[in-house]
Amino acid sequence: MGKHDAAHGWITPAARSLRVTETGPIAEFDPASTPGFDGDKVRGADLLVERGETLADLQELLYANGRAGDHRSVLLVLQGMDTAGKGGIVRHVGGLVDPQGLAIRGFGKPTPEELHHDFLWRIHRALPAGGRIGIFDRSHYEDVLPVRVHNLVPQAEWEKRYEIINRFERDLVANGTTIIKCAMVVSKAEQKARLTERLDRPDKHWKYNPGDIDERGFWDEYLEAYQAIFDRCDDDQAPWFLIPADRKWFARLAVCELLISALEGLELDWPKADFDVEAEKRRVAALTE
Ligand code: AMP
Ligand code: MG
């Protein structure tokens, strides 16, 4: 069989092969690997186009149900070190569906106003409405990542947040939100290459933040902080996945697959028309022209 044969694809579903309980610790995870997938870049790109259509269909189904009053939604949480490609996922996976059905939010350093509230305040306000797919580019997990690494609040305070997050996510799930959490894992070498490119290209300077180099100095501390969220906040109801991010084509394909399985899990049907279809057919048939 040829290398680009359609037979090459997922050997193990992404939802299984990428789950943190399967991948092992982040510190030993290979950011250039393609767990569960035996195809190459060409096959991966082809498959993304095909699966993108499935994703778009499922998203339309979710949106239609939302319009009919269904409160269910999907929330995709994206985390990852600088340059891991969170923005690329928003563009290339989010870009596969009707933008009307998306609720995209990025979370930067908290504003003075946000700091006057508890850390989940800004998160609550950004949750997707029924029928929507929410995408968080960074999330409430920042409050146990940089905040933990730099002790931006005392340890006694950030320690409590894991349980607060678990409770928050349990409530969300109980209220109809399907949560999938993706940590994009980039290697140090690939991060260096991407930072170099940002400096070499004037059209990428806007993405370059000198502070990212300082954060890179805390790499191992970040790995530890990430491992802590996987150990303490991974649950069948709100699972964490490791997304190898050195190969962008694979990261996109993987997140697309995870979204598809989340949407399929909702087992949605097209909502029933709230009008008399037969009567409307007669009225339309009777129209002149
Ligand atoms: P970017 O995603 O490149 O726009 O960068 C956003 C920056 O805000 C990153 O350095 C994040 O770590 C930082 N950030 C986001 N949320 C928090 C938070 N709750 N506490 C501290 N820093 C945060
Ligand atoms: Mg940045």
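Note that this is a predicted model, so its numbers are computed, not measured.

*Asks:* Please explain unusual backbone geometry as it appears in this structure.
*Replies:* Backbone geometry at R138 places phi at a positive 75°, although glycine is not the residue there. You can see R138 is positioned in the loop between β3 (133-137) and α7 (146-149). A positive phi angle, near 45°, is found at N151, a position not held by glycine. Secondary-structure assignment places N151 in the loop between α7 and α8 (155-174). Judged by its relative accessible area of 45%, N151 falls in the partly exposed class.

*Asks:* Please clarify how the site of ligand 1 should be interpreted in this entry.
*Replies:* Surrounding ligand 1, one finds F107, G108, K109, P110, R122, R138, E142, D143, P146, V147 and L152. Take G108: an N or O atom from its main chain is 3.1 Å from a nitrogen atom of ligand 1. The separation between a nitrogen atom of ligand 1 and a polar side-chain atom of D143 is 3.1 Å. In isolation ligand 1 offers 500 Å² of accessible surface; the protein chains occlude 73% of this area.

*Asks:* Help me understand the nonpolar core, please; the structure alone is not making it clear to me.
*Replies:* A general feature of soluble globular proteins is that nonpolar side chains tend to end up buried together. Ranked by internal contacts, the top residues of the largest apolar core, which has 79 residues, are Y141, I229, F230, W240 and I243. Leaving out residues up to four positions away in the same chain, Y141 has contacts with V77, Q79, I165, E169, K181, I229, C233 and W240.

*Asks:* Honestly, the pairing of strand β5 (residues 240-244) in this entry has me stumped. Any pointers?
*Replies:* Regular strands place their side chains on alternate faces of the sheet. Along β5, five of the five residues are buried, which leaves the element largely enclosed by surrounding structure. Here β5 shows no split at all, with W240, L242 and P244 on one side and F241 and I243 on the other all buried. Pairing geometry for strand β4 (residues 177-185) and β5, over five bridges, is parallel. The residue of β5 that forms the bridge with V185 is P244.

So, how was this worked out
- Residues numbered from 1 in each chain as written.
- Chains lettered and ligands numbered in written order.
- Predicted model: local features only at pLDDT ≥ 70, side-chain atom pairs only at ≥ 80, totals over all residues.
- Heavy atoms only, no water.
- Helix = DSSP H or I, 4+ residues; strand = E, 2+ residues; numbered from the N terminus.
- Buried < 20%, exposed > 50% of the residue type's maximum accessible area, 1.4 Å probe, protein only.
- Near = heavy atom within 4 Å.
- Polar contact = N/O pair within 3.5 Å; in protein donor to acceptor, adjacent residues only side chain to side chain.
- Areas by Shrake-Rupley, 256 points an atom, 1.4 Å probe, with all protein chains shown as cover.
- Core = buried A, V, L, I, M, F, W, Y, C linked by side-chain atoms within 4.5 Å.
- Contact = heavy atoms within 4.5 Å.
- Pairing = 2+ DSSP bridges.

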